[in-house]
Amino acid sequence: DKTVVLITGCSSGIGLGLAVRLASDTSKAFIVYATMRNLSKKERLLECVRGCHEDTMEILQMDVTDQLSIQAAKQRIKEKKVDILVCNAGAGLMGPVETLSYETMKQIFDINLFGTICTIQAFLPEMKERKSGRIIVTGSVGGLQGIPFNDVYCASKFAVEGFCESLAILLQHFNIHISLIECGPVNTNFMTNLQRTDPEDPRLQHVDPETTQLYQKYLQHCERVFEEAAQDTEEIVQVFMDAIGAQFPSLRYYTNSTFLPLTKLKLTMEDGTQYIKAMNKFVFSTHKTGDF
Ligand code: NAD
């Protein structure tokens, strides 16, 4: 019996990489439903699987913010079940909080939080009925700790953590495992796809000069962190494969050890002061990523 996997956000990045990896697995053990919001972007995925997907992959339209689209994709699953649901679709948002519109903030929560919740809602009843299933969510270091100028993105990813951790407790009773793959920076289109307040953005004129200056510094820091610590999609996909292969998957998998000391600092020094100080130093003073 083949393992049916449904992945959201497969037109690029981690979703695309995972779909290709599973669809071209030599065991042919997986049937992959690679879903994407916009089917006109399917060419890259098709190029990447290059013929080894004839009977292992199908591409479906699915916008995680559209209930009808989620239901329509669900109807098209021939096996009438999903063994592994991968909630990967996501979007970033960066900029001083004063420059972010309500519409944009809501859109980020719609994709990252409600998109994840609604996708899980759609496939959970059938998993519960079968008393079997795996849910894997692409998490982020930004879901575990605050990052300046990523306030709203982090808020949405923190919310995903709260949702998954809460649900995981109930799902113990149904033999369903939920796992978060906590990524640090990854070399994908994420940084070009994200909505960002550019340094020339007119909205910055209404922001105090100190914030604007710190934002410039942050953007440089971000570039440095990507240069020094970003992982390739293949490394992230390998962590997904570890979670998929585990008999008893954990709630969290960390892909990048660079940020673990900061994550631990937050957990062990409960009042939060030390984390804020350390992160301030990390972001706003010259550093080497390896110092942490
Ligand atoms: P990416 O931008 O290449 O991929 C995100 C995918 O989600 C895109 O294919 C996009 O089209 C899709 N998407 C956006 N809105 C959607 C919607 N409404 N419905 C369906 N699909 C939608 O970047 P990525 O790095 O591959 O991102 C994948 C996940 O990884 C995201 O959840 C992101 O938050 C997380 N992540 C990425 C990084 C990073 O540095 N790249 C770091 C931490 C976490």
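All residue numbers here refer to positions counted from 1 along the written sequence of the relevant chain. Residue-level local features of this predicted model are given only where pLDDT is at least 70; pairs of side-chain atoms are given and counted only at 80 or more, and the full residue set underlies all totals for whole chains, interfaces and linings. Where side-chain values are given, they derive from all heavy atoms of the structure, hydrogens and water being excluded.

Draft legend 1. Region of the structure containing the overall build of the protein. Scanning the protein for helices and strands turns up ten helices and nine strands. Against the 2.2 N^0.38 benchmark of 19 Å for 292 residues, the protein shows a C-alpha radius of gyration of 19 Å, consistent with a compact globule. Projected onto its principal axes, the C-alpha positions of the protein cover 60 × 40 × 35 Å. Taking all 292 residues of the protein together, 52% fall into the buried category. By definition, residues are in contact when any of their heavy atoms lie within 4.5 Å. Across the protein, contacts joining residues at least 24 apart in sequence account for 77% of those joining residues at least 6 apart. Counting rule for charge: Lys and Arg are taken as positive, Asp and Glu as negative, and neither His nor the chain ends is counted. Taken as the charge centre is NZ of Lys, CZ of Arg, CG of Asp or CD of Glu, depending on the residue. In the protein, the 29 positive side-chain charges and the 35 negative ones have mean positions that sit 4 Å from each other. Runs of E in the DSSP output that reach at least two residues are strands. Runs of H or I that reach at least four are helices, and both are numbered from the N terminus. Our radius of gyration is a C-alpha quantity, and the globule rule it is checked against amounts to 2.2 Å times the number of residues to the power 0.38. Think of it in three bands: residues with accessible area under 20% of the maximum for their type are buried, residues over 50% are exposed, and the middle band is partly exposed, with areas taken using a 1.4 Å probe on protein chains only.

Draft legend 2. Looking closely at the site of the ligand. Note on definitions. A residue lies near a molecule or strand when any single heavy atom of the residue is within 4 Å of it. Around the ligand, the structure places 28 residues, and the nearest of them are Ser12, Ile14, Asp63, Thr188 and Asn193. Take Asn88: an N or O atom from its main chain is 2.9 Å from an oxygen atom of the ligand. Between the ligand and the protein, one listed contact pairs an oxygen atom with a backbone N or O atom of Gly90 at 3.4 Å. Listed by contribution, the elements that provide at least two residues to the shell around the ligand are helix 1 (13–23), strand 6 (133–140), helix 5 (151–171) and helix 6 (190–193). Looking at which element gives the most residues to the shell around the ligand, the answer is strand 6, with three residues. Put simply, Ala, Val, Leu, Ile, Met, Phe, Trp, Tyr, Cys and Pro go in the nonpolar bin, Asp, Glu, Lys and Arg in the charged bin, and everything else, Gly too, in the polar bin. Split by residue class, the shell around the ligand holds eleven nonpolar, 14 polar and three charged. Pairs of N or O atoms are called polar contacts if they sit within 3.5 Å, as long as, within protein, a hydrogen donor faces a hydrogen acceptor (for residues adjacent in sequence, only side-chain-to-side-chain pairs).

Draft legend 3. Structural detail: the packing of helix 9 (residues 260–268) against helix 10 (residues 273–284). Note on method: axes are straight lines fitted to C-alpha atoms, helices fitted across the in-contact stretch only, with angles between N-to-C directions ranging 0 to 180 degrees. Closest axis-to-axis distance for the helix 9/helix 10 pair is 8 Å, and the angle between their directions is 155°. Here helix 9 lies roughly antiparallel to helix 10, going by the angle between them. Every residue of helix 10 that contacts helix 9 at Leu262, Leu265 and Lys266 is listed here: Gln274, Tyr275, Ala278, Met279 and Phe282. When the residues that make up the contact of helix 9 with helix 10 are grouped by side-chain class, the tally is six nonpolar, one polar and one charged. These descriptions rest on fixed angle ranges, namely under 35 degrees for roughly parallel, over 145 for roughly antiparallel, 65 to 115 for roughly perpendicular, and the rest for oblique.

Draft legend 4. Expanded view of the sheet that holds strand 6. Two strands pair if DSSP finds at least two bridges between them. Strand order across the open sheet formed by seven strands is 3-2-1-4-6-7-9, with parallel pairing between neighbours. Each edge of the open sheet is held by one strand with a lone partner, namely strand 3 (57–61) and strand 9 (252–254). In this sheet, neighbouring strand axes are inclined to one another by 20° on average, regardless of whether the strands run parallel or antiparallel. Here strand 4 (residues 84–87) pairs with strand 6 via four bridges, running parallel. If you follow Val86 over to strand 6, its bridge partner there is Ile136. Across the sheet, helix 8 (residues 233–245) touches strand 2 (30–36), strand 4, strand 6, strand 7 (176–183) and strand 9, and the angle it forms with strand 6 is around 150°.

Draft legend 5. Structural detail: helix 8. Along its 13 residues, helix 8 runs 18 Å from first to last C-alpha, staying within 8% of the 18 Å computed at 1.5 Å per residue. Residues Thr233, Ile236, Val237, Val239, Phe240, Met241, Ala243 and Ile244 constitute the buried set of helix 8. Each element contacted by the buried residues of helix 8 is listed here: helix 1, strand 2, strand 4, strand 6, strand 7 and strand 9. By this rule, a helix spans an expected 1.5 Å times one less than how many residues it contains.

Draft legend 6. Region of the structure containing the packing of aromatic side chains. A pair of Phe, Tyr and Trp rings is counted when the ring centres sit within 6.5 Å of each other, with Trp represented by its six-membered ring. The angle between the planes then sorts it: under 30 degrees is stacked, over 60 is edge-to-face, the rest tilted. For the coordinates displayed, the defined rule picks out four aromatic pairs. Judged by centre distance (6.4 Å) and plane angle (70°), the ring pair of Phe259 and Phe282 falls under edge-to-face. Of this pair, Phe259 sits in the loop between strand 9 and helix 9 while Phe282 sits in helix 10, and the two are 23 residues apart along the sequence. Assigned by exposure class, Phe259 and Phe282 land together as buried. By way of ring pairs, the aromatic residues Phe149, Tyr215 and Tyr218 are connected into one cluster. Lying over the aromatic face of Phe174, Lys128 brings its terminal NZ or CZ to 5.1 Å of the ring centre. A ring is scored as having a charge over it whenever the NZ atom of a lysine or the CZ atom of an arginine sits within 6 Å of its centre and within 35 degrees of its normal.

Function cannot be read off these values alone, since they describe shape.
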